[in-house]
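Coordinate inspection notes
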Amino acid sequence: MKVAVLGAGAIGAYVGAALHRAGADVHLIARGPHLAAMRRYGVRVRSPRGDFTAHTRATDDPAEVGPVDYVFLGLKANSYAACGPLIEPLPHDTTAVVAAQNGIPWWYFHRHGGPYDGRRLQSVDPSGAVSAVLAPERAVGCVVYAATELEQPGVVRHLEGTRFSIGEPGRDVSARCLALSEAMRSGGLLLGGAAGGFVRPDELDIPLTFEGTRQAGPTLGSGVVMAFDDTVPLLRVAEFFRDESCGQCVPCRVGTVRQEEALRRIVEHTGAAAADDITLLREVGRAMRDASICGLGQTAWNAVESAIDRLGAYE
Ligand code: SF4
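Described in the following lines is the structure provided in the data block. Within each chain, residues carry numbers counting from 1 in the order of the written sequence. Confidence filtering applies because this is a predicted model: local features only for residues at pLDDT of at least 70, side-chain atom pairs given and counted only at 80 or more, and all residues used for totals across whole chains, interfaces and linings. Excluded from the side-chain calculation are hydrogens and water; included are all heavy atoms of the structure.

Quick notes on the packing of helix α8 (residues 234–244) against helix α9 (residues 250–266)
It is the contact of α8 with α9, at a shortest axis distance of 8 Å, that shows an interaxial angle of 160°. Of the possible angle classes, the one that applies to α8 and α9 is roughly antiparallel. Crossing geometry of α8 relative to α9 is assigned as left-handed. Judged by residue contacts, Leu 234, Leu 235, Ala 238, Glu 239, Phe 241 and Arg 242 of α8 engage Thr 256, Val 257, Gln 259, Glu 260, Leu 263 and Arg 264 from α9. Its residues assigned to classes, the contact of α8 with α9 comprises 6 nonpolar, 2 polar and 4 charged. Every angle, taken between N-to-C directions, lies between 0 and 180 degrees, and every axis is a line fitted to C-alpha atoms, over only the stretch in contact when it is a helix. Starting at the N terminus, helices and strands are each numbered in turn, a helix being any DSSP run of H or I of at least four residues and a strand any DSSP run of E of at least two. Each angle is binned into one of four classes, with values under 35 degrees roughly parallel, values over 145 roughly antiparallel, values of 65 to 115 roughly perpendicular, and all other values oblique. Note on convention: the crossing is left-handed when the near helix lies turned anticlockwise from the far helix by less than a right angle, right-handed when the turn is clockwise. Note on contacts: a residue pair is in contact if any heavy atoms of the two residues lie within 4.5 Å. Each residue receives one of three labels: charged for Asp, Glu, Lys and Arg, nonpolar for Ala, Val, Leu, Ile, Met, Phe, Trp, Tyr, Cys and Pro, and polar for the others, Gly being one of them.

Structural data, given as structure tokens:
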């Protein structure tokens, strides 16, 4: 999947970095010191979910990028009408344009149905210039729930929220929306068995050595590599530790059960709805790590912690 982010400011660069982390071929289009910093150091994301750096491609010239599958618009909405020369090199026949524009978009009545079907909104596209540059047929709706700011050139401070709601103007479920959604929700590999840690799709080329994996964050442990899809069935890991606990010490005997219970409660939840149970998981995890007698209890929280912090599970 090839993605161009046109207007890679705080939100655009954050999206680009997240998609790059999930394995997409991302090209950020920006200007000035911010572009220079991203070229030199990558996009450095500072986040309560865990810091990371994404070494995406970055340019000020869309012609260098060429046709892409998705254009993510991080521009201010009032500059859409004038972005024609910038966007012109990017689309191919089926390219989708995803505008990070909270509020009523220029394509609002495209495939809307009813008496206003196809009507151009004078309030957001008064002369038709926006529709001329950004054909409504290419539009994929996007509501941004994430809050970010540019801390300094090339450095994005992620404050809260990771949800980007996307959808077709006609409300149908399309292949292009599903593909983008899947790219934004990455799976991972669990290194070192059930007591290990996850590596993300963008880290799959790390050397499978003790030094290489330690440098990336997780450890090689027993050498077992388990592949998970984007649903990350952490309950299976929690059930394993609950069954394996011999029950001799309280932190592990009780903690592995509490961990499984919390995961069962939040299995369908994300964001604020999962926050209390994630806090509980962290407290139980710390107690198991610090106070269990043997290595089983001390590592029973590793994979769950890693999925939350490194894969963004339950965001
Ligand atoms: S930490 Fe070890 S000794 Fe304690 S209950 Fe778990 S398996 Fe048993």
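From this point, the narrative continues.
Structural notes on the packing of helix α10 (residues 272–291) against helix α12 (residues 302–310)
Relative to each other, α10 and α12 sit at 140°, their axes nearing to 10 Å. Between α10 and α12, the angle is such that the two are oblique. Once α10 is placed against α12, the crossing between them reads as left-handed. Each of Ile 278, Leu 281, Arg 282 and Arg 289 in α10 lies in contact with α12, whose residues at this interface are Asn 302, Val 304, Glu 305, Ile 308 and Asp 309. Here the contact of α10 with α12 is composed, by residue class, of 4 nonpolar, 1 polar and 4 charged.

Comments concerning the site of the ligand
Looking at the ligand, the residues that line it are Ser 245, Cys 246, Gly 247, Gln 248, Cys 249, Cys 252, Ser 292, Ile 293, Cys 294, Leu 296 and Gly 297. When the residues that make up the shell around the ligand are grouped by side-chain class, the tally is 6 nonpolar, 5 polar and no charged. We call a residue near a given molecule or strand whenever any one of its heavy atoms falls within 4 Å of it.

Observations regarding the side chain of His 110
Its location among the elements puts His 110 in the loop between β7 (91–99) and α5 (129–133). With sequence-adjacent residues up to four places away left out, His 110 is seen in contact with Asp 117, Gly 118, Pro 136, Glu 137 and Pro 169.

Digging into the sheet that holds strand β9 (residues 147–152)
Remark on secondary structure: sheet strands pair via backbone hydrogen bonds, oriented parallel or antiparallel. Two strands are counted as paired when DSSP detects at least two bridges linking them. Ordered in space as β4-β3-β10-β9, the 4 strands form an open sheet in which the pairing is mixed. If you trace the sheet from one side to the other, it starts and ends with β4 (52–54) and β9, each paired once. The average angle at which neighbouring strand axes cross in this sheet is 30°, direction not considered. Note that β9 and strand β10 (residues 155–160) share 5 bridges and pair antiparallel.

A look at the sheet that holds strand β1 (residues 2–6)
Overall, mixed pairing links the 7 strands, which are arranged β5-β2-β1-β6-β7-β8-β11 in an open sheet. In the strand order of this sheet, the two ends are held by β5 (57–59) and β11 (164–167), each with one partner. Neighbour to neighbour, the strand axes of the sheet diverge by 25° on average, direction disregarded. Pairing between β7 and strand β8 (residues 139–144): 2 bridges, direction parallel. Bridge pairing in β8 places Val 97 opposite Ala 139. The sheet strands contacting helix α2 (residues 32–41) are β2 (25–29) and β5, and the helix crosses β5 at an angle near 155°. Where helix α6 (residues 175–184) meets the sheet, its contacts fall on β6 (68–73), β7, β8 and β11, and the angle it forms with β11 comes to roughly 160°.

Observations regarding α6
For α6, every residue scored as buried is listed here: Cys 177, Leu 180 and Ala 183. Down the axis of α6, the sector holding all buried residues measures 125°, keeping them to one side. Exposed residues lying more than 90 degrees from the buried face of α6 are Ala 175 and Glu 182. Those residues of α6 that are buried are in contact with α1 (10–21), β6, β7, β8 and β11. Exposure classes here rest on a 1.4 Å probe applied to the protein chains alone. A residue is buried below 20% of its type maximum, exposed above 50%, and partly exposed in between. Working note: the arc is built from the helix axis to C-beta atom directions.

Just geometry here; none of it tells us what the structure is for.
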